[in-house]
Amino acid sequence: IKSVGILTSGGDAPGMNAAIRAVTRAAIFNGMTAYGIYRGFKGLITDEIEEFKTNSVSNIIQQGGTILKTARSDEFLTTEGRQKAYDNMRKYGIDSLVVIGGDGSLTGAAVFANEFNIPIVGMPATIDNDLNGTDTTIGYDTALNTIMDAMDKIRDTATSHERLFFVEVMGRNCGFLALNSAIASGAEAAIIPEISIEKDQLGELIQQGFRKSKSSSMVLVTESEVTGGAIKLAERVKKEYPQYDVRVTILGHLQRGGTPTAQDRILASRMGVAAIQALQENQRNVMIGIHENEIDYVPFKRAIKKQKDISEEMLEVLRISSI
Ligand code: F6P
């Protein structure tokens, strides 16, 4: 393998730039030519491709977002679109790809790899931490820290007014962000899609929180149809417990931005170097994972097959530490 195209796809995540930097430099270090592909698979179709040198990725490790931009491409979902993408790869002599993104991006990558027999290695980058076969994903730690910081601030005003706050966080259908930021910020509870919460349990939870003469209560809620989201939950609680002064905060896209934490920069750098090593070893159709602090090659099929299990231990830690 003599050359590699690098692209970021799907929702951006802090640490994507550190990943682009590591892949580019590892490729050049190994005598390969590196190409930056702009706007994900879309740019592969529309020929937004540029050769990257070592200094193309200077001064980006500390930046959030992605210098390569990101997009969702409907055309890539069609056979004709993928054919155009492949033709452009041939035009530049790009014989492999590193795809940095979440489950949607890796699903697209797997289809493309099989169709044209292209060596593709994936790197898990999403704040949701919802990819199977890796303990953590690039961007997740930064988002957790961003939420924790916001929670600390909301706690100040919640305590002053003795209020009950429902704070909605991202995660799509996954409760990792809500559960772990609840632990980190000392929240009273996390309402996550993986654990169904009956109406009465929610009531009990709230009453418990106040019974112990807490001066404020904070509940993290994952955005999701399953949880109903923070606004709906708050409406219900207001109706049933009019004695509580309820407020809602939806953190939204601020969770996706910001300078990546040291942990995300290091993870992205390790995974980037590993992605090029995987290509050199003739690995294909694998995602770079991290398990017990060791790099792993995870077949795409396993990475995107099913939702990652939420940790029972973490649920217990929140349950115990919030009494
Ligand atoms: O997958 C990352 C994520 O931020 C999810 O947590 C969220 O549901 C979704 O992307 C939001 O997507 P968009 O930026 O397209 O609104």
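Residues numbered from 1 in each chain as written. Predicted model: local features only at pLDDT ≥ 70, side-chain atom pairs only at ≥ 80, totals over all residues. Heavy atoms only, no water.

Caption draft 1: Focus on the UniProt feature "binding site: Mg(2+)" (unreviewed entry) in the chain. UniProt records the feature "binding site: Mg(2+)" (unreviewed entry) for Asp 103 in the present numbering. The topology assignment puts Asp 103 in helix α4 (residues 103-116). We classify Asp 103 as partly exposed; its relative accessible area is 35%. Not counting residues within four places of it along the chain, the set of residues in contact with Asp 103 comprises Asp 130, Leu 131 and Ile 304. (UniProt positions renumbered as here; feature names shortened; annotations may be inferred. Helix = DSSP H or I, 4+ residues; strand = E, 2+ residues; numbered from the N terminus. Buried < 20%, exposed > 50% of the residue type's maximum accessible area, 1.4 Å probe, protein only. Contact = heavy atoms within 4.5 Å.)

Caption draft 2: Quick peek at the pattern of salt bridges. Throughout the structure, instances matching the rule amount to twelve salt bridges. Between Arg 256 and Asp 12 there is a salt bridge whose closest N-O contact spans 2.7 Å. One end of the pair, Arg 256, is in the loop between β9 (246-250) and α9 (262-280); the other, Asp 12, is in the loop between β1 (3-8) and α1 (16-29), with 244 residues separating them in the sequence. Lys 91 is paired through a salt bridge with Asp 47; the nearest N and O atoms lie 2.5 Å apart. Taken together, the residues span a long stretch of sequence, with Lys 91 in helix α3 (residues 79-92) and Asp 47 in the loop between α2 (40-45) and β3 (49-52) at a distance of 44 residues. Look at Lys 91 and you get exposed, because its relative accessible area is 56%. Connected through salt bridges with shared partners, the residues Arg 163, Asp 245 and Arg 247 form a single ionic network. (Salt bridge = Lys/Arg side-chain N within 4 Å of Asp/Glu carboxyl O.)

Caption draft 3: Expanded view of the packing of aromatic side chains. By the definition in use, this model includes seven aromatic pairs. Between the aromatic rings of Phe 41 and Phe 76, the centroid separation amounts to 4.1 Å while the plane-to-plane angle is 10°, which identifies the pairing as stacked. Placement of Phe 41 in helix α2 and of Phe 76 in the loop between β3 and α3 is noted, with a sequence separation of 35 residues between them. An identical accessibility class is assigned to Phe 41 and Phe 76; each is buried. Among the aromatic residues, ring-to-ring pairing joins Phe 41, Phe 76, Tyr 86, Phe 112 and Phe 116 into one connected group. Positioned above the aromatic ring of Phe 176 is the side chain of Lys 308, whose terminal nitrogen or guanidinium carbon lies 5.3 Å from the ring centre. (Phe/Tyr/Trp six-rings, centres within 6.5 Å; stacked < 30°, edge-to-face > 60°. Lys NZ or Arg CZ within 6 Å of the ring centre and 35° of its normal.)

Caption draft 4: Molecular detail of the sheet that holds strand β8 (residues 217-222). The four strands are arranged β7-β8-β6-β9 in an open sheet whose pairing can be described as parallel. Each having just a single partner strand, β7 (189-191) and β9 make up the two edges of the open sheet. Averaged over neighbouring strand pairs, the angle between their axes works out to 20° when direction is ignored. Sheet strands touched by helix α8 (residues 229-240): β6 (164-169), β7, β8 and β9. Its angle to β6, the strand with the most contacts, is close to 160°. (Pairing = 2+ DSSP bridges. Axes fitted to C-alpha atoms, helices over the stretch in contact; angles between N-to-C directions.)

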